[in-house]
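Descriptive structure summary
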Amino acid sequence: MQIQILPSLLAADLGRLGDELRRTEASGADAVHLDVMDAHFVPNLSYGPDVVALSRATVPGLYRHVHLMMTRPDRYVDAFAAAGAQTIQVHVEADADVHATIAQIAAAGAKPAIVLNPETPAHAAAPYIGETDEILVMTVHPGRGGQKFIEECLPKIAAVRRMAGDGATVMVDGGVNASTAALAAAAGANAFVAGSYLFGRGDMKAAVAELRETCRKSHAAEA
Ligand code: DX5
Ligand code: ZN
């Protein structure tokens, strides 16, 4: 199964965003993960479509993976797609018709994906399997970087993998480092978002390669 590594730009040095995007591309990562917070779905406020557009302008070849932590993602999907979002993730807990929002994302030319908060059970993803093949299991409470990985989420990763099948992308986000990524991979995850761990390393390229290898081994050991 293909392992994906996605650095989260939230942990970048915002004063040097262009350089940080170039560093992400040069690291060999599969995508840049852009965290959008609306100060309502989560208390924090981050950035909007302009940063997605900046990413497209700076490193056009780096895949743009956008995580909408928003109460009403449906109101912003078209703006993010127009700014260059290639995958758009929406939370099943959003105050929106998630089926319709998934259709809206696809109609806007992006790939839809869904997200489960730590307290949301695996079966909440069931109605959307068939409409999306990417499920993100949050391993921290969303809203900020640098938190501790919640190990209680591991059985849910396994349950989502069983439900979605081998062909799906099962992603984790929050508190991911070499040791927690190994646990998540062994539980069935194949895609890993990491902010502070990857941006905090001087040599992001080496860090991405190491994380990929760790995940590949842990995933294979369980297969
Ligand atoms: C949390 C965000 C994450 C965050 C991860 O709300 O969805 O993508 O940037 O940060 P780390 O890897 O530092 O936990
Ligand atoms: Zn995220």
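In what follows, the structure referred to is the one given above.
Below or above, wherever it landed, is the structure these notes cover. (Residues numbered from 1 in each chain as written. Chains lettered and ligands numbered in written order. Predicted model: local features only at pLDDT ≥ 70, side-chain atom pairs only at ≥ 80, totals over all residues. Heavy atoms only, no water.)

Quick word on helix H1 (residues 17-26)
- Along H1, the positions that sit buried rather than exposed are Leu17, Gly18, Glu20, Leu21 and Thr24. The buried residues of H1 occupy one face: seen down the axis, they fall within an arc of 165 degrees.
- On its buried face, H1 is in contact with strand E1 (4-7), strand E2 (32-37), helix H2 (49-58), helix H7 (196-199) and helix H8 (204-222).
- One or two positions beyond H1, positive phi appears at Gly28, with a value near 85 degrees. (Buried < 20%, exposed > 50% of the residue type's maximum accessible area, 1.4 Å probe, protein only. Helix = DSSP H or I, 4+ residues; strand = E, 2+ residues; numbered from the N terminus. Arc of directions from axis to C-beta. Contact = heavy atoms within 4.5 Å.)

Quick look at the pairing of strand E5 (residues 111-116)
- Counted residue by residue, E5 has five buried out of six residues, so it is predominantly covered.
- Note that strand E4 (residues 87-91) and E5 share five bridges and pair parallel. Of the residues in E5, the one forming a bridge with His91 is Val115.
- For the handedness criterion, the β-α-β arrangement of E4, helix H4 (residues 98-107) and E5 is classed as right-handed.
- Alignment of E5 against strand E6 (residues 134-138), held across three bridges, turns out to be parallel. Of the residues in E6, the one forming a bridge with Leu116 is Val137. (Pairing = 2+ DSSP bridges. Right-handed = clockwise from strand over helix to strand, strands pointing away.)

Focus on the environment of Leu183
- Structurally, the position occupied by Leu183 is in helix H6 (residues 178-187).
- Measuring from C-alpha to C-alpha, the distance between Leu183 and Ser218 comes to 7.5 Å, with 35 residues separating the pair along the chain.
- Discounting residues that sit within four places of it in the chain, Leu183 has contacts with Glu151 and Leu154.

Description of the site of ligand 1
- Near ligand 1 there are 20 residues, and of these Ser8, Gly143, Asp173, Gly195 and Ser196 occur at the shortest range.
- One of the side-chain N or O atoms of Ser196 is found 2.5 Å from an oxygen atom in ligand 1.
- Notes on ligand 1: free accessible area 380 Å², of which the protein chains cover 99%.
- Of all elements in the fold, only E2, strand E3 (64-69) and strand E8 (191-194) reach the threshold of two or more residues within the shell around ligand 1.
- Looking at the shell around ligand 1, the element that brings in the most residues is E2, giving three residues.
- Looking at the shell around ligand 1 residue by residue, the class counts come to seven nonpolar, ten polar and three charged. (Near = heavy atom within 4 Å. Polar contact = N/O pair within 3.5 Å; in protein donor to acceptor, adjacent residues only side chain to side chain. Areas by Shrake-Rupley, 256 points an atom, 1.4 Å probe, with all protein chains shown as cover. Nonpolar A, V, L, I, M, F, W, Y, C, P; charged D, E, K, R; others polar.)

A short note on the coordination of the zinc ion (ligand 2)
- For the zinc ion (ligand 2), the full set of protein donor atoms is His33 (NE2), Asp35 (OD), His67 (ND1) and Asp173 (OD), at a range of 2.0 to 2.3 Å.
- On the primary sequence, the residues serving as donors to the zinc ion (ligand 2) are separated as H-x1-D-x31-H-x105-D. Placement of the pair is Asp35 in strand E2 and His67 in strand E3, with a sequence separation of 32 residues. One exposure class covers both Asp35 and His67, and it is buried. (Donors = N, O, S within 2.8 Å, 3.2 Å for Na, K, Ca; no water.)

Points about the side chain of Thr169
- Counting through the fold element by element, Thr169 comes out in strand E7 (residues 169-173).
- Taking relative accessible area as the criterion, Thr169 reaches 11% and is therefore assigned buried.
- Every residue in contact with Thr169, bar those within four places of it in the chain, is listed here: Gln4, Asp133, Glu134, Ile135, Asn190 and Ala191.

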